[in-house]
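If you want the building blocks of each chain, they are given just below.
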Amino acid sequence: MSHTVYRLNVHLEGEGPQYFRRGAEDKVKAKIFEGNAKLSQLEMFMKQCLEESRQQISEIRNVTFAQLPETHWFNQKTNRWQKRKRERKIVGRLYPVLPNHTEKFALYQLLLYKKGPLGWDDLKTPPNSTTPCKTFVECAKLMGLLDDIEIWRRTLFEASNVGNPRTMRNLFAQILLLGYVADPLALWNEFLPHMYDTRNLRQNDEIERSRRINIALCLLNRLLGHHFTNNAFFHIPMPENYNAVCDDENEFFFGQNRALDGENESDPTLAEFPLQRRNDDAIETEDIGNYATLASYLRLNEEQKIVVDIVVRAMQSSPSDATTPRLVFMNGAGGTGKTFVYKTIIDMFIKYRRYVIMTASTGVAAQLLPRGMTVHKAFSIPLDVLDVNKIPSISGGSVMAQRIRKSEAIIIDEISMLHKNVLRMVNEACKNVEANNETRKLPFAGKVILLGGDFR
Ligand SMILES: Nc1ncnc2c1ncn2[C@@H]1O[C@H](COP(=O)(O)OP(=O)(O)OP(=O)(O)O)[C@@H](O)[C@H]1O
């Protein structure tokens, strides 16, 4: 190795790291409140540049932040950059910043470019100007350092010739998630007319326009939500009345809402909202008794039918009925039809509108299952499963808790690959979110548990 790499932290104003020994938290907190917090390496670089400019000398003023470590080192004791006495082979590297953290990414670009910045405002001031821009993004754009948006503009423009609002939103979400767009809001605003349905919309009807735009925002938020993020993360307005437009719970258990998603021919934004809600009481009484006539059930072989029968019988019985088994294990070598059984059960559950959570021990296995997710994700299982004192932290009002509470059955595939503590934690998660005191005492809060795997 020829050079040593010196890593440098990039942060926005007031977000610099503060290092302290355990026990000194209060001291550090007080200093921050007094405005006397220790300056970070970046802040000290800018401060020393300012000092040099006042003294009319140029030493570190001639270099960028990333070049600084080649000639200087940061003395932790004095909290200042100091000139190296001996020449050393060192290269400075800024810790990378993801482009979707737009302001920080713009700052990162500016730091790579600008030599001897005199402060935050100086960093925001383009060359040949004396007035700082409002944001780093604005400045970086003026300086031509952020031009990645062009490729996405062209992509969306091309798509807008043929795409309907739904496909445009899907594409837009993909671009946000994978394309690292520097200014998502500008892109959204530019293509907004293509993101919601404008058919039969009178030109002056602003109320109706806002309603449709809000629905488009809801649907975009939901698309992003599938990837654990939301509009706000990309600086795009959050929708109003999200729950009235998107019934996420319904979608999670029973699949896409046709009124919202099934439209190739018609756009969802024309649908009447809020949607008519299902009557949950009616669902509870829906009869699962004639499941044996379902086409998917009839395709099962005798052994597969036994498993499905046990699961259905358990669902039809009361959770407190100790005579009916509720904890089912399906053992079978690879390719013997376990997934086929899960799929049949899921089809059945969807048909009879009963709630089930379908999981597998690994993401790859989960992908093969309808609506599959990993056990860790479904029950917020901590990574360190060996710690017997750990329990999943699920807040009672969270979406996750509601899903678990509603579910009558839980399927876990590839069980042989899971540590026993995971099952313990699933059991605890079920009990912790259960509202009924009696069912809470039962294993897995009385839910039907189907485990499948191959222990050979
Ligand atoms: N009753 C059935 N009727 C028709 N095809 C079936 C039936 N059961 C299983 N199959 C088919 O057999 C193949 C293997 O089944 P499946 O994927 O369900 O096995 P598996 O036990 O889940 O395997 P693995 O453990 O490797 O995931 C699949 O193509 C599936 O469609």
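This one's a predicted model, so the numbers in the text were calculated from it and none came from an experiment. (Residues numbered from 1 in each chain as written. Predicted model: local features only at pLDDT ≥ 70, side-chain atom pairs only at ≥ 80, totals over all residues. Heavy atoms only, no water.)

Notes on the pairing of strand E8 (residues 409-413)
Within E8, 5 of the 5 residues are buried, which leaves it mostly tucked inside the rest of the structure. On E8, burial covers both faces: Ala409, Ile411 and Asp413 on one face and Ile410 and Ile412 on the other are all buried. Bridge analysis of strand E6 (residues 356-360) against E8 gives 5 bridges, and the strand direction is parallel. Its bridge partner being in E8, threonine 359 is matched across the sheet by isoleucine 412. Of the pairings in the sheet, the one linking E8 to strand E9 (residues 448-453) comprises 4 bridges and is parallel in character. The residue of E9 that forms the bridge with isoleucine 410 is isoleucine 449. (Buried < 20%, exposed > 50% of the residue type's maximum accessible area, 1.4 Å probe, protein only. Helix = DSSP H or I, 4+ residues; strand = E, 2+ residues; numbered from the N terminus. Pairing = 2+ DSSP bridges.)

Quick notes on unusual backbone geometry
Excluding glycine, a negative phi dihedral is what most residues carry, and trans is how most peptide bonds are arranged. Phi at asparagine 128 takes a positive value of approximately 65°, unusual for a residue other than glycine. Tracing the backbone shows asparagine 128 in the loop between helix H4 (120-123) and helix H5 (136-142). Positioned with a positive phi, histidine 235 is a non-glycine residue whose angle comes to about 60°. Looking at the secondary structure, you find histidine 235 in the loop between helix H9 (206-225) and helix H10 (242-245). Take histidine 235: its relative accessible area is 45%, and that puts it in the partly exposed class.

Re the site of the ligand
Taken together, Arg299, Leu300, Asn301, Gln304, Ala333, Gly334, Gly335, Thr336, Gly337, Lys338, Thr339 and Phe340 form the complete shell of residues around the ligand. Taking phenylalanine 340, its main chain carries an N or O atom lying 2.9 Å from an oxygen atom of the ligand. Relative to its unbound accessible surface of 630 Å², the ligand loses 57% to contact with the protein. Per-element tally for the shell around the ligand: the top contributor is helix H16 (residues 338-351), with 3 residues. (Near = heavy atom within 4 Å. Polar contact = N/O pair within 3.5 Å; in protein donor to acceptor, adjacent residues only side chain to side chain. Areas by Shrake-Rupley, 256 points an atom, 1.4 Å probe, with all protein chains shown as cover.)

Considering the nonpolar core
By size, the foremost hydrophobic cluster in this structure holds 35 residues, and its most contacted members are Phe65, Trp81, Leu94, Leu107, Leu111, Leu123 and Phe136. Every element with two or more residues in this core is listed here: strand E1 (4-8), helix H2 (41-55), strand E4 (90-94), helix H3 (102-113), H4 and H5. Of all the elements, H3 adds the most residues to this core, at 6 residues. For phenylalanine 65, the contacting residues outside a window of four places in its chain are Leu8, Asn9, Gln41, Leu42, Phe45, Trp81, Leu94 and Leu111. Residues Leu294, Val308, Phe349 and Val448 belong to the second largest nonpolar core, which totals 29 residues. (Core = buried A, V, L, I, M, F, W, Y, C linked by side-chain atoms within 4.5 Å. Contact = heavy atoms within 4.5 Å.)

Some points on the sheet that holds E8
In spatial order, the strands read E5-E9-E8-E6-E7; together these 5 strands make up an open sheet with parallel pairing. This sheet does not close on itself; its edge strands, each paired only once, are strand E5 (327-331) and strand E7 (373-374).

Some remarks on the confidence of the model for the chain
Any region with low pLDDT has predicted coordinates that should not be read closely. Averaged over all residues, the pLDDT of the chain equals 85, while 91% of them reach at least 70. When the criterion is pLDDT under 50, residues 270-285 qualifies, and its contacts beyond four places in sequence or with other chains add up to 28 contacts. Overall fold confidence (pTM) sits at 0.55, and the ipTM for the predicted complex is 0.95. (pLDDT = per-residue confidence, 0-100.)

Some remarks on the packing of aromatic side chains
Summed over all chains, the structure comprises 9 aromatic pairs. Ring geometry for tyrosine 6 versus tryptophan 81: centroids 6.0 Å apart, planes at 45°, classification tilted. With a gap of 75 residues between them, tyrosine 6 in strand E1 and tryptophan 81 in strand E3 (residues 80-83) connect regions that are remote in the sequence. Overall, the relative accessible area of 4% leaves tryptophan 81 in the buried class. With a centroid separation of 6.1 Å and 15° between ring planes, the pair formed by phenylalanine 105 and tyrosine 108 is classed as stacked. Highlighted residues: phenylalanine 105 and tyrosine 108, both in helix H3, separated by 3 residues, approximately one helical turn. The pair phenylalanine 105 / tyrosine 108 is uniform in exposure class, with both members buried. (Phe/Tyr/Trp six-rings, centres within 6.5 Å; stacked < 30°, edge-to-face > 60°.)

As for the packing of helix H8 (residues 184-195) against H9
Taken N-terminus to C-terminus, the directions of H8 and H9 make an angle of 105°; their axes are 10 Å apart at the nearest point. Taken together, the axis directions place H8 and H9 in an arrangement best described as roughly perpendicular. On H9, the residues that touch Trp188, Leu192 and Met195 of H8 are Ile213, Ala216, Leu217 and Leu220. Grouping the amino acids of the contact of H8 with H9 by side-chain chemistry returns 7 nonpolar, no polar and no charged. (Axes fitted to C-alpha atoms, helices over the stretch in contact; angles between N-to-C directions. Parallel < 35°, antiparallel > 145°, perpendicular 65-115°, else oblique. Nonpolar A, V, L, I, M, F, W, Y, C, P; charged D, E, K, R; others polar.)

Some details on the state of the cysteines
All told, the structure shown has 0 disulfides when counted by the stated rule. Its sulfur unpaired, cysteine 133 is 4.5 Å from the next cysteine sulfur, which belongs to cysteine 139. (Disulfide = S-S within 2.5 Å.)

Here we look at the environment of leucine 386
One can find leucine 386 in the loop between helix H18 (375-378) and helix H19 (399-406). By relative accessible area, which is 58% here, leucine 386 ends up exposed. Separated by 35 residues in sequence, leucine 386 and asparagine 421 place their C-alpha atoms 6.7 Å apart.

Brief notes about the side chain of threonine 125
Locating threonine 125 in the fold gives a position in the loop between H4 and H5. At 2.7 Å, the side chain of threonine 125 forms a polar contact with the backbone oxygen of aspartate 121. Among residues more than four places away in sequence, those in contact with threonine 125 are Lys114, Thr130, Thr131, Pro132 and Cys139.

Some words on the pattern of salt bridges
A full pass over the atoms with the stated rule returns 13 salt bridges. Residue arginine 80 is joined to glutamate 51 by a salt bridge in which the shortest nitrogen-to-oxygen separation is 2.8 Å. A residue pair is termed long-range when its members are at least 10 positions apart, and arginine 80 in strand E3 and glutamate 51 in helix H2 qualify at 29 residues. By relative accessible area, which is 23% here, glutamate 51 ends up partly exposed. The salt bridge involving glutamate 438 is made with lysine 441; its shortest N-O contact spans 3.2 Å. When salt bridges with common partners are traced through the structure, they connect Asp197, Arg199, Glu208, Arg211 and Arg212 into a single cluster. (Salt bridge = Lys/Arg side-chain N within 4 Å of Asp/Glu carboxyl O.)

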